Amino acid sequence: GKDEAPNFESVTVLAALATATKRVKLGALVQGVTYRHPAVIANIVATHDQISHGRAICGIGAAWNQTEHKAYGIEFGSGFGERLDWLDEAVDLMAQMLRDGQGTARGRFYHATNVRNDPPPVQKRLPILIGGDGEKKTLHTVAKYADAWNTGGDVDFVRHKDEVLRRWCDEVGRDQAEIERTLGMGTVIIRDKESDAKSYYAEIQRQHPGFSDKPKIGTAEQLADRLRPYVELGFRHIFFDASAPFDDETLERFVTEVKPMLETVRTA
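Along every chain, residues carry numbers that run from 1 in the direction the sequence is written. Per-residue local features of the predicted model are confined to residues with pLDDT of at least 70, and side-chain atom pairs are confined, for both listing and counting, to 80 or more; whole-chain, interface and lining totals are unaffected and use all residues. Heavy atoms from the whole structure form the basis of all side-chain values; hydrogens and water molecules are not counted.

S.K.: Would you take a moment to explain the overall build of the chain for this structure?
M.R.: By the criteria applied, helices consist of DSSP H or I runs no shorter than four residues and strands consist of E runs no shorter than two, each listed in order from the N terminus. When you go through the chain residue by residue, the secondary structure sums to 9 helices and 9 strands. For a compact globule the rule gives 2.2 Å times the number of residues to the power 0.38, and the radius of gyration it is set against comes from C-alpha atoms. For the chain, whose C-alpha radius of gyration is 19 Å, the value lies close to the compact-globule estimate of 18 Å for 268 residues. Burial classes follow relative accessibility: with a 1.4 Å probe on protein chains only, a residue under 20% of its type's maximum area counts as buried, one over 50% as exposed, and anything between as partly exposed. Residues classed as buried in the chain amount to 45% of the 268 residues present. Between two residues, a contact is recorded if the distance between any of their heavy atoms is within 4.5 Å. The long-range share in the chain, meaning contacts at least 24 apart out of those at least 6 apart in sequence, stands at 71%. In the structure as shown, the chain presents an accessible area of about 13800 Å², 51% of it carried by carbon and sulfur atoms. Note on charges: Lys and Arg go in the positive column, Asp and Glu in the negative column, and His and the chain ends are not counted at all. Throughout, a charge is located at the NZ atom of Lys, the CZ atom of Arg, the CG atom of Asp or the CD atom of Glu. Looking at charge distribution, the chain has the averaged site of its 35 positive side-chain charges lying 2 Å from that of its 40 negative ones. Using a 1.4 Å probe, accessible areas were evaluated by the Shrake-Rupley method; residue-level cover was limited to the displayed protein chains.

S.K.: What should I look at first to understand the pattern of salt bridges in this one?
M.R.: The term salt bridge refers to a pairing of a side-chain nitrogen on Lys or Arg with a carboxyl oxygen on Asp or Glu at a separation within 4 Å. Scanning the model with the defined rule gives 19 salt bridges in all. Two residues, Arg191 and Asp247, come together in a salt bridge whose shortest N-O distance is 3.0 Å. With Arg191 in the loop between β7 (180–190) and α7 (194–207) and Asp247 in the loop between β9 (235–241) and α9 (248–262), this pair connects stretches of sequence that are 56 residues apart. Arg253 is the partner of Asp192 in a salt bridge, and the nearest nitrogen-oxygen pair spans 2.9 Å. With Asp192 in the loop between β7 and α7 and Arg253 in helix α9, this residue pair connects regions lying 61 residues apart in the sequence. Residue class for Asp192 comes out exposed when judged on its relative accessible area of 56%. Its relative accessible area of 11% is what places Arg253 among the buried residues.

S.K.: How should the packing of aromatic side chains be read in this particular structure?
M.R.: When we look at a pair of aromatic rings, we describe it by the centre distance and by the angle of the planes. Aromatic pairing here means that ring centres of Phe, Tyr or Trp (its six-membered ring) are within 6.5 Å. Orientation follows from the plane angle: under 30 degrees is stacked, over 60 is edge-to-face, and everything else is tilted. Taken as a whole, this structure holds 4 aromatic pairs when the rule is applied. For the ring pair Trp86 and Phe109, a centre distance of 6.2 Å and an interplane angle of 65 degrees mean the geometry is edge-to-face. Pair noted here: Trp86 is in helix α4 (residues 80–100) and Phe109 is in the loop between β3 (102–106) and β4 (111–116), with a separation of 23 residues, a long-range link. Under the relative-accessibility criterion, Trp86 is labelled buried at 10%. According to the relative accessible area criterion, Phe109 is partly exposed, its value standing at 24%. Sitting over a ring, as applied to charges here, requires NZ of Lys or CZ of Arg to be within 6 Å of the ring centre and within 35 degrees of the ring normal. A cation over an aromatic ring shows up here: Arg83 above the ring of Phe76, its NZ or CZ 3.9 Å from the ring centre. Here Arg191 stacks its cationic end above the ring of Tyr200, 5.3 Å away from the centre of that ring.

S.K.: Quick question: what am I supposed to make of unusual backbone geometry here?
M.R.: Apart from glycine, the bulk of residues carry a negative phi angle, and the bulk of peptide bonds sit in the trans form. Look at the link from Leu29 to Val30: it is a cis peptide, with omega at -10 degrees. Of note, the bond from Ala244 into Pro245 is cis; its omega dihedral lies within 30 degrees of zero at 0 degrees. Tracing the backbone through its elements, the reader meets Pro245 in the loop between β9 and α9. Unusually for a residue other than glycine, His53 sits at a positive phi of about 60 degrees.

Any functional reading would require information beyond the geometric quantities listed.
Shown next as structure tokens:
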């Protein structure tokens, strides 16, 4: 999934992928907290874990797509700050359900009483991934509850946000090493000739009118050089978008060429 998974059919797609795959981890990157009650999200993710025999990830974020909320008549809140408060309460309840089997909420926004996951997830600790990098609220929630954190941006930006997360971990008494760092890159196109990359990107735009994500274009070596500082910071899972027409060349070259170049990089 991509960008807080506003598409409701993403739940069905993940279930379908769970039956069609055997090894890949499955989850939304990330689902907006506004679209469903957190207990329902936890139930859905636990079901995906059962279907996939223990490969589900619970990706959650504060939501951003105001146009879609208006179209569906879904409450969007007074602003991003309020949705982050929703997120904090929601993840608390979801963590109880996914890790302890049941949860109770008596907050400002969510209420539940001994709500259960029956059957429970296959994984003893189903990973919760939180996307976002707000320093006052989001990273505090990450420090308290997350098994993984997703962010993006240039190296200096990511380095600063990582430092803030580490401070929040110290504040809440959490070992920062318990939180997997994941990086979102947007659209990536690996080609030896820039003209070939631009030609492919033009085809994406033709099939997706209005698509405006500025792609990261380069050779395998150039992409590895770009990613090396993030790996040195401790980022080990790197995500990039794949829009139709699906770019088999980039997928294959990332795994066979870029990944080996990064495997020897030491964490700072």
